[in-house]
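Architecture and fold: a report
What follows is each chain in one-letter form.
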Amino acid sequence: RVQMDKGDEGTSVYTNGEALYYNFQRPQGAMNDPRRMVKRYFKRIDYADPQHGSAGPAINVPGDVIAADGDTIYTRDWVWEEQDPRTLVGRLTIDNDLAYLQASRVFSERSVSAVKLDGAGHMLVSSDPAYSTSYVPVRPPTATAEQSQHKLSILDAQSLEVSGETNIDSWATFQDATSGRALFSVSGGLLVVNVSDPTKPAAQAYFPTLAWPN
């Protein structure tokens, strides 16, 4: 067990197989503003020896850590507003217990559900139509049917520029990525999407499994 500060509110955890990233927030007051605000942090927990896990310092970041590669981390920050719901994904580098924002990408009117690194210089992002605080789907009058689809976006892992996108059926769940491939669990099997050419992602293969694949 690793003891955390009682005043910290845990939000999520992420592991890349090497360490556990514990995401949490702390209340943050603002002068002349009655709204509830927080500052977001993470602690990297080394569990090489599970009986003696050690947590690193609290590092302030925008949102939750959702992917990590060495000293580079990727974060997701939820922003819920009545007229402009959006998700911010950022790439940061850690140096001397401080996080430095290197690049970011806003997914306007969309909610990012999963992010995976493919090990080949790309970050794959699964997103859905955003929802307002009243849990009503947000679809402005100018939105098209395509904008309301589930979507897979292929981003450059450094600049976070979008290289390509494709619509994905709503019952497919983004599970993992490897070089040139995105893996989705679907009813009765595993769907492989070829993203080796980011500008032309396409479904490549379907493998049936017994029951729902985990």
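Quantities reported herein were computed from a predicted structural model and do not represent experimental measurements.

1. A closer look at the sheet that holds strand β12 (residues 150-156)
Strands sit in the order β10-β11-β12-β13 across an open sheet of four strands; the sheet is antiparallel. Here the strands that pair on one side only, and so sit at the sheet edges, are β10 (110-117) and β13 (162-168). On average, each strand axis in the sheet is inclined to that of its neighbour by 20 degrees, with strand direction left out of account. Bridging between strand β11 (residues 122-129) and β12 involves six bridges; their strand directions are antiparallel. The partner of serine 127 across the bridge, within β12, is lysine 151.

2. Quick look at the layout of surface pockets
In this structure, the second largest pocket occupies an estimated 300 Å³ of space. Lining the second largest pocket are 16 residues, with Tyr14, Ile66, Ala67, Val115 and Lys116 sitting closest to its centre. Where the lining of the second largest pocket is concerned, the elements lending two or more residues are β1 (9-15), β6 (64-69) and β10.

3. A short note on the sheet that holds strand β16 (residues 189-194)
Read from one edge of the open sheet, four strands run β14-β15-β16-β17, paired in antiparallel fashion. Looking at which strands have only one partner, the edges of the open sheet turn out to be β14 (173-178) and β17 (202-208). Within the sheet, the average angular offset between the axes of one strand and its neighbour, ignoring direction, is 25 degrees. In this sheet, strand β15 (residues 181-186) lies alongside β14 in antiparallel orientation, the contact comprising five bridges.

4. Description of the pairing of strand β9 (residues 98-108)
Sheet analysis places strand β8 (residues 86-95) next to β9, joined by ten bridges and oriented antiparallel. Within the sheet, the bridge partner assigned to aspartate 95 lies in β9 and is leucine 98.

Rules of the game
Residues numbered from 1 in each chain as written. Predicted model: local features only at pLDDT ≥ 70, side-chain atom pairs only at ≥ 80, totals over all residues. Heavy atoms only, no water. Pairing = 2+ DSSP bridges. Helix = DSSP H or I, 4+ residues; strand = E, 2+ residues; numbered from the N terminus. Axes fitted to C-alpha atoms, helices over the stretch in contact; angles between N-to-C directions. 1 Å grid on protein atoms, 1.4 Å probe; cavity = no way out; pocket = protein on both sides within 12 Å on 5 of 7 lines; lining within 4 Å. Points joined across faces, edges and corners; volume = space filled by probe spheres on them.

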